[in-house]
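# Coordinate analysis (summary)
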Amino acid sequence: MTTQQLTQQIQKKKSFLCIGLDVDLNKIPQHLLQEEDPIFAFNKAIIDATHHLCVAYKPNTAFYEAYGLKGWKALEKTINYINQNHPEIFTIADAKRGDIGNTSSMYAKAFFEDLAFDSVTVAPYMGKDSVEPFLAFENKHTILLALTSNQGAFDFQTKIIDEKEVYKHVLETSKTWQNSENLMYVVGATKAEFLADIRQIIPNSFLLVPGVGAQGGNLQDVCKYGMNDRVGLLINSSRGIIYASNQDDFAKVAAKKAEALQQEMEVILK
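Okay, so let's go over this structure. (Residues numbered from 1 in each chain as written. Predicted model: local features only at pLDDT ≥ 70, side-chain atom pairs only at ≥ 80, totals over all residues. Heavy atoms only, no water.)

### Structural notes on unusual backbone geometry
What counts, and what does not: Runs of E in the DSSP output that reach at least two residues are strands. Runs of H or I that reach at least four are helices, and both are numbered from the N terminus. Classification of residues uses two cut-offs on accessible area relative to the type maximum, computed with a 1.4 Å probe and protein chains only: under 20% is buried, over 50% is exposed, and between them is partly exposed.
Residues other than glycine seldom take positive phi values, yet Glu163 does so here, at roughly 65°. Even without glycine at this site, Asn179 takes up a positive phi of about 65°. Residue placement: Asn179 occurs in the loop between α8 (166–174) and β8 (183–187). Overall, Asn179 belongs to the partly exposed group, its relative accessible area being 28%.

### Some details on the pairing of strand β3 (residues 90–97)
Which entries qualify depends on this criterion: Whether two strands pair depends on DSSP finding at least two bridges between them. Think of it like this: strands point away, you trace from the first strand over the helix to the second, and a clockwise trace means the crossover is right-handed.
Taking burial as the measure, the 8 residues of β3 include 7 buried ones, the bulk of the element. In this sheet, β3 lies alongside strand β2 (residues 56–58) in parallel orientation, the contact comprising 2 bridges. Residue Ala56 lies in a different strand from β3, and its bridge partner there is Phe90. Crossover β3 to strand β4 (residues 119–122) through helix α5 (residues 101–114) is right-handed.

### Quick word on the environment of Gly20
Threshold: Throughout, a residue-residue contact means that at least one pair of heavy atoms, one from each residue, lies within 4.5 Å.
Relative to the elements of secondary structure, Gly20 occurs in strand β1 (residues 17–20). Gly20 sits 127 residues away from Leu147 along the chain, and the two C-alpha atoms are 18 Å apart. Here Gly20 is in contact with Lys58, Asn236, Ser237, Ser238 and Ile242, once residues within four sequence places are set aside.

### Quick notes on the environment of Val170
Positionally, Val170 belongs in helix α8. Taking C-alpha positions, Val170 is 33 Å from Asn80, a pair spaced 90 residues apart along the chain. Discounting residues that sit within four places of it in the chain, Val170 has contacts with Pro124, Leu144 and Leu145.

### Quick look at the packing of helix α10 (residues 219–226) against helix α12 (residues 250–269)
Rules: Each axis is a line fitted through C-alpha atoms, taken for helices only over the stretch in contact, and angles between the N-to-C directions span 0 to 180 degrees. Put simply, a crossing is left-handed when the front helix is turned counterclockwise from the back one by less than a right angle, and right-handed when it is turned clockwise. Residue classes follow a fixed rule: Ala, Val, Leu, Ile, Met, Phe, Trp, Tyr, Cys and Pro count as nonpolar, while Asp, Glu, Lys and Arg count as charged, and any other residue, Gly among them, counts as polar.
Two elements in contact, α10 and α12, have axes whose closest approach is 11 Å; the angle formed by their N-to-C orientations is 35°. Seen along the crossing, α10 lies across α12 with a hand that is right-handed. Contacts between α10 and α12 involve Leu219, Gln220 and Cys223 from the first element and Leu261, Glu264, Met265 and Ile268 from the second. Of the residues that constitute the contact of α10 with α12, the class distribution is 5 nonpolar, 1 polar and 1 charged.

### Some details on the sheet that holds β3
Around the barrel, which closes on itself, the 8 strands sit in the order β1-β2-β3-β4-β5-β8-β9-β10 with parallel pairing between neighbours. When strand polarity is set aside, the average angle formed by the axes of neighbouring strands in this sheet is 30°. Alignment of strand β5 (residues 141–147) against β8, held across 5 bridges, turns out to be parallel. Bridging from a neighbouring strand, Leu147 pairs with Val187 of β8.

### Observations concerning the packing of aromatic side chains
What counts is decided by this rule: Any two rings among Phe, Tyr and Trp, with Trp reduced to its six-membered ring, count as a pair given centres within 6.5 Å; such a pair is stacked if its planes are under 30 degrees apart, edge-to-face if over 60, and tilted if neither.
Considering all chains together, one arrives at 7 aromatic pairs under this definition. Through pairs of rings, three or more aromatic residues link up here, namely Phe42, Tyr243 and Phe250.

### Focus: a nonpolar patch on the surface
Quick reminder of the rule: What goes into a patch is any residue over 30% in relative accessible area without a salt bridge, connected to like charges within 9 Å or, for nonpolar side chains (Val, Leu, Ile, Met, Phe, Trp, Tyr), within 5 Å. To be clear on the numbers: accessible area is Shrake-Rupley with a 1.4 Å probe, and residue cover counts the displayed protein chains and nothing else. Take a side-chain nitrogen of Lys or Arg and a carboxyl oxygen of Asp or Glu: if they are within 4 Å of each other, that pair is a salt bridge.
Together, Ile100, Tyr125 and Met126 make up a nonpolar patch on the protein surface, roughly 380 Å² of accessible area in all. Mapping Met126 onto the fold places it in the loop between β4 and α6 (128–135).

So, in structure tokens, the structure goes:
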């Protein structure tokens, strides 16, 4: 999927909502545990109830890898279901990979070719030769961790080196990499005050923004400082939507939570 197609979907749905599919078997409704594949059954119900309200889905791969082969099969079934039934929706493998050379190439093949995700999250710590193998894939997107929403982000990302924060060095350096037009960036919603500076460096890039909702990020602040003329934002909510209920009505309640965010976004887009 191209960024132009993604922008068109945002305009059509009046939404820039991304829903995180982070499935914890301890949190899903108990009746689903009787299903042959509880993880996929949960995801399918969420997708069926919310696909008209969001423009992206983001499975965090750790929540699938933790269950071994069954979990990976559930991830495969989930991405296939989205691609077959809702090909207009942008898909993000939240895998936070990062290694060099052939290893990165293999990671990229796994998510872009085998599983057919539109994008994957990547850690930039190992630099250019760990990211460029992902960027080589046409119409696929590498979402670089820039400034994350967790407290530990202050351990390294905001430290000053040569009179500039590390995350700004990451942003500026990444623009010099081959096929950097395929880059997007993760910026946590709890770091909204940094977005104005970030937009000075990468004015046209899409930002994936986790942390709205359960982590305390504010949608209005993120949009005030982070939105560009193409919108340029994917606001992710995971727990606040998918675990809004653990009863039989979980999918319906999830849809209501997603709709509330979508309606806020529609007002902002006017």
